[in-house]
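Examination of the molecular architecture
Listed here are the chains, written in short residue letters.
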Amino acid sequence: MKALLCKAFGPADTLVLEDLPSPEPKKNEVLIEVQAAGVNFPDTLIIEGKYQFKPPFPFAPGGEVAGVVKAVGEKVSHLRAGDRVMALTGWGGFAEEVAVPAYNVLPVPKSMDLTTAAAFGMTYGTSMHALKQRANLQPGETLLVLGASGGVGLAAVEIGKAMGAKVIAAASSAEKLEVARNAGADELINYSEQSLKDEVKKLTGGQGVDVIYDPVGGTLFEEAFRSIGWNGRFLVVGFAAGGGIPALPANLPLLKGASLVGVFWGSFAQRQPQDNAENFQQLFAWHAEGKLKPLVSQTFPLERGGEAINALGQRKAVGKVVVTVR
């Protein structure tokens, strides 16, 4: 099989396409013929040795895939060869085949094609967990989404609307905000041209927002928190802006009666698998109803997977970037 390999930590341009033996599934694993692999922010970090997990060399990046089951281990009973599936891999997805623990594999619903499925699990799983379990978002509340044109941001906009919230989308350009508007956002803030805090105050009648979804971090972190309302929940999702981890004066949560809430969906999925499964049942139902419309803005063939990572890492892409393997 062919795989796009990282043989030493470095930029995406150093990834190389090579032939490897096909993996053999262990007793509790599923062997998947990969059709497509989603590209996510951790892929930009793992190849440079900046992620919390450092696989042994050589390894293929790619934390989520969709494809067809080729074989299953002897302890796997809920899947069989020929099933269409989506899976979290951690790494290894930029390859023609990958073996994955069965608990990380979900059947793909009939309403969803495999390219969409490769772009669905991580972003929608993260945003659903953030808004449901961590923020307890309620109908009628106001949700502010930073980085609203990116993969998790767009997912948060759509899920927030499906949960009955008013959604304010914030992004760095008019083009990105138009993408968020098409995803259902009620109000838009261009934080490269406007004061985020002032615009939130104006849009909420001075009350602030109930929930803030922040996958960006960076210089807007504190300004966004200052726009939160009483009993608000600030969701720390990621740090796509780079430049270090932002800090927050500890008196701000006190004065706002607000919560700073961490979101680590990967750990949640492992620790609370039943809750995660229920989340995906709801997500799949919303997708079938047309309430969720994942945006795959760019696709790259496997041999150009490095370009796909760069497109995401340089924050030029909207929605999701996908590597098509077959």
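Residues numbered from 1 in each chain as written. Predicted model: local features only at pLDDT ≥ 70, side-chain atom pairs only at ≥ 80, totals over all residues. Heavy atoms only, no water.

1. Quick word on the packing of aromatic side chains
This structure, assessed with the given rule, holds ten aromatic pairs. Between phenylalanine 57 and phenylalanine 59, the ring centres sit 5.9 Å apart and the planes meet at 20°, which makes this aromatic pair stacked. According to the relative accessible area criterion, phenylalanine 57 is partly exposed, its value standing at 40%. The class of phenylalanine 59 is buried, set by a relative accessible area of 4%. Here a set of aromatic residues connected by ring pairs shows up, and it is made of Phe120, Tyr124, Trp265, Phe280 and Phe284. (Phe/Tyr/Trp six-rings, centres within 6.5 Å; stacked < 30°, edge-to-face > 60°. Buried < 20%, exposed > 50% of the residue type's maximum accessible area, 1.4 Å probe, protein only.)

2. Digging into the domain arrangement of the protein
Splitting the protein by domain gives domain 1 (2-108 + 295-324) and domain 2 (122-266). Between domain 1 and domain 2, the C-alpha centre-to-centre distance is 29 Å. At the junction of domain 1 and domain 2, the tally comes to zero salt bridges. One can count three residue pairs in polar contact (both at pLDDT 80 or more) joining domain 1 with domain 2. (Domains from an automatic or database assignment. Salt bridge = Lys/Arg side-chain N within 4 Å of Asp/Glu carboxyl O. Polar contact = N/O pair within 3.5 Å; in protein donor to acceptor, adjacent residues only side chain to side chain.)

3. With respect to the packing of helix H3 (residues 121-134) against helix H4 (residues 151-162)
Between two packed helices, the angle of one axis relative to the other and the distance separating the axes together describe the packing. Between H3 and H4, whose axes approach to 8 Å, the crossing angle comes to 50°. The pairing of H3 with H4 is recorded here as oblique in orientation. Our pair here, H3 against H4, has a crossing hand that is right-handed. Contacts from Thr123, Tyr124, Thr126, Ser127, Met128 and Leu131 of H3 reach H4 at Gly151, Val152, Ala155, Ala156, Glu158, Ile159 and Gly160. (Axes fitted to C-alpha atoms, helices over the stretch in contact; angles between N-to-C directions. Helix = DSSP H or I, 4+ residues; strand = E, 2+ residues; numbered from the N terminus. Parallel < 35°, antiparallel > 145°, perpendicular 65-115°, else oblique. Left-handed = near helix turned anticlockwise from the far one by under 90°. Contact = heavy atoms within 4.5 Å.)

4. Quick word on the pattern of salt bridges
If you walk through the whole model with that rule in mind, you get twelve salt bridges. We note a salt bridge from lysine 70 to glutamate 97, for which the minimum N-O separation is 2.8 Å. A residue pair is termed long-range when its members are at least 10 positions apart, and lysine 70 in strand E4 (residues 64-72) and glutamate 97 in strand E6 (residues 97-101) qualify at 27 residues. Owing to a relative accessible area of 7%, glutamate 97 belongs among the buried residues under this scheme. For aspartate 186, the salt bridge is made with lysine 161, and the minimal N-O distance between the two is 3.0 Å. With aspartate 186 in the loop between helix H5 (174-182) and strand E10 (187-190) and lysine 161 in helix H4, this pair connects stretches of sequence that are 25 residues apart. By relative accessible area, aspartate 186 is classed as partly exposed at 36%.

5. Considering the sheet that holds strand E11 (residues 209-214)
Pairing between the strands of a sheet is mediated by backbone hydrogen bonds and can be parallel or antiparallel. Taking strand neighbours across the sheet as the criterion, the six strands line up as E10-E9-E8-E11-E12-E13 in an open arrangement whose pairing is parallel. If you trace the sheet from one side to the other, it starts and ends with E10 and strand E13 (259-262), each paired once. Mean inter-strand twist for the sheet, computed between neighbouring axes without regard to direction, equals 20°. Summarising the sheet, strand E12 (residues 228-236) and E13 pair through four bridges and their orientation is parallel. Each residue of the ladder has a partner; that of leucine 235, found in E13, is valine 261. Contacts from H4 reach strand E8 (142-145), strand E9 (166-171) and E11, with the element oriented near 170° to E8. (Pairing = 2+ DSSP bridges.)

6. What to know about the packing of H3 against helix H10 (residues 273-288)
Running from N to C, H3 and H10 point in directions that differ by 110°, and their axes come no closer than 10 Å. The orientation of H3 with respect to H10, classified from their angle, is roughly perpendicular. Counted together, Gly121, Tyr124, Gly125, Met128, His129, Lys132 and Gln133 of H3 and Asp275, Asn279, Phe280, Gln282, Leu283 and Trp286 of H10 form the full contact between these two elements. Class assignment for the residues of the contact of H3 with H10 results in five nonpolar, six polar and two charged. (Nonpolar A, V, L, I, M, F, W, Y, C, P; charged D, E, K, R; others polar.)

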